[in-house]
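# Examination of the molecular architecture
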Amino acid sequence: MFAACVRALAGKGHLALPLRPHGTAALCRPYTKKTTGIVGLPVVTNAREVLLSCYQRTLDMLEPLPEKYGYRISVDKLTRHRMSVLEKFSVDAEAEKELGLQLEEAIEHAEDEMFLIGMVAKEKPWINAEGVDPFRDGRPLDEVPSAKVNMLWGGVVVESEAELLRLAEEHERLKEEREQPEIDRWREDLAKRGVEE
């Protein structure tokens, strides 16, 4: 009965609501999320705008970092990808499905990322202990002798990648030598029992 009345009113121009199959005005209202379903994470009514703003600030904050710095590259790619998803899908639920997380979660991630970018920009972890900035020098990292990073291998400071590879191969060889007698005993035990490998 109600649906018939709504259709009649709409037909006479008295009702300017778009009609759904049932013709009820309740179905015409846009869906609004009541909860995120995550404790401590409230619904943000304008999540899309807030998130796009966070992403733009993230990209702006990345500017001072060296262009070839791995962290900057990965954050830039992730941020641009998520911005493109928001631009591609106009419905929040579709964007959330594509992103694999709720927009409110993405806002928290973006805010955490901005905090981390600020720390990275302040601390400049790409500059080595001797104060050499390999990204500003213009040469590849391997060609800057004082920029080589000291690596620890079992408590031993390793100066070069070649030395690190040599130590890794030596470690594998010793490991095989150490395990070989155990493997031989296991094979002998199987042979005594008459079991094949």
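So, here's what we can say about the structure. Remember, predicted model here, so these are calculated numbers, not experimental data.

## Examining unusual backbone geometry
- Phi is positive for Lys 124, close to 50°, though the residue is something other than glycine.
- Summarising the element assignment, Lys 124 is placed in the loop between α5 (103-123) and α6 (134-137).

## Re the packing of helix α2 (residues 47-62) against α5
- Running from N to C, α2 and α5 cross one another at 20°; their axes reach a closest spacing of 9 Å. Looking at the two axes, α2 sits roughly parallel to α5. Classified by chirality, the crossing of α5 by α2 is left-handed. Counted together, Ala 47, Arg 48, Val 50, Leu 51, Cys 54, Tyr 55, Arg 57, Thr 58, Met 61 and Leu 62 of α2 and Leu 103, Glu 104, Ala 106, Ile 107, Ala 110, Glu 111, Met 114, Ile 117 and Gly 118 of α5 form the full contact between these two elements.
- Looking at side-chain class alone, the contact of α2 with α5 contains 13 nonpolar, two polar and four charged residues.

## A word on the environment of Leu 99
- Within the secondary structure, Leu 99 sits in helix α4 (residues 92-99).
- On the basis of relative accessible area, Leu 99 is assigned to the buried category, the value being 13%.
- Along the primary structure Leu 99 and Arg 82 are separated by 17 residues, whereas in three dimensions their C-alpha atoms are 7.0 Å apart.
- Other than its neighbours up to four places away in sequence, Leu 99 contacts Arg 82 and Val 85.

## Things to note about a negative patch on the surface
- A cluster of like negative charges, contributed by Glu 172, Glu 176, Glu 179 and Glu 182, occupies part of the molecular surface.
- Its location among the elements puts Glu 176 in helix α7 (residues 161-193).

## Side note on α5
- Taking 1.5 Å as the rise per residue, α5 with 21 residues should run 30 Å; its terminal C-alpha atoms sit 30 Å apart, in good agreement.
- Where the residues of α5 are buried, they touch α2, α3 (70-88) and α4.
- Once α5 finishes, Lys 124 follows within two positions and takes phi at roughly 50°, a positive value.

## Looking at the side chain of Glu 96
- Inspection of the secondary structure puts Glu 96 in helix α4.
- Reaching out from Glu 96, the side chain makes a polar contact with the backbone nitrogen of Leu 103 at a distance of 3.2 Å.
- Sequence-distant contacts of Glu 96, that is, excluding residues within four places in its chain, are made with Lys 33, Leu 101, Gln 102, Leu 103 and Glu 104.

Thresholds applied
Residues numbered from 1 in each chain as written. Predicted model: local features only at pLDDT ≥ 70, side-chain atom pairs only at ≥ 80, totals over all residues. Heavy atoms only, no water. Helix = DSSP H or I, 4+ residues; strand = E, 2+ residues; numbered from the N terminus. Axes fitted to C-alpha atoms, helices over the stretch in contact; angles between N-to-C directions. Parallel < 35°, antiparallel > 145°, perpendicular 65-115°, else oblique. Left-handed = near helix turned anticlockwise from the far one by under 90°. Contact = heavy atoms within 4.5 Å. Nonpolar A, V, L, I, M, F, W, Y, C, P; charged D, E, K, R; others polar. Buried < 20%, exposed > 50% of the residue type's maximum accessible area, 1.4 Å probe, protein only. Patch = residues over 30% accessible without salt bridge, like charges linked within 9 Å, V, L, I, M, F, W, Y side chains within 5 Å. Areas by Shrake-Rupley, 256 points an atom, 1.4 Å probe, with all protein chains shown as cover. Salt bridge = Lys/Arg side-chain N within 4 Å of Asp/Glu carboxyl O. Lys, Arg positive; Asp, Glu negative; His and termini not counted. Charge placed at Lys NZ, Arg CZ, Asp CG, Glu CD. Expected span 1.5 Å × (residues − 1). Polar contact = N/O pair within 3.5 Å; in protein donor to acceptor, adjacent residues only side chain to side chain.

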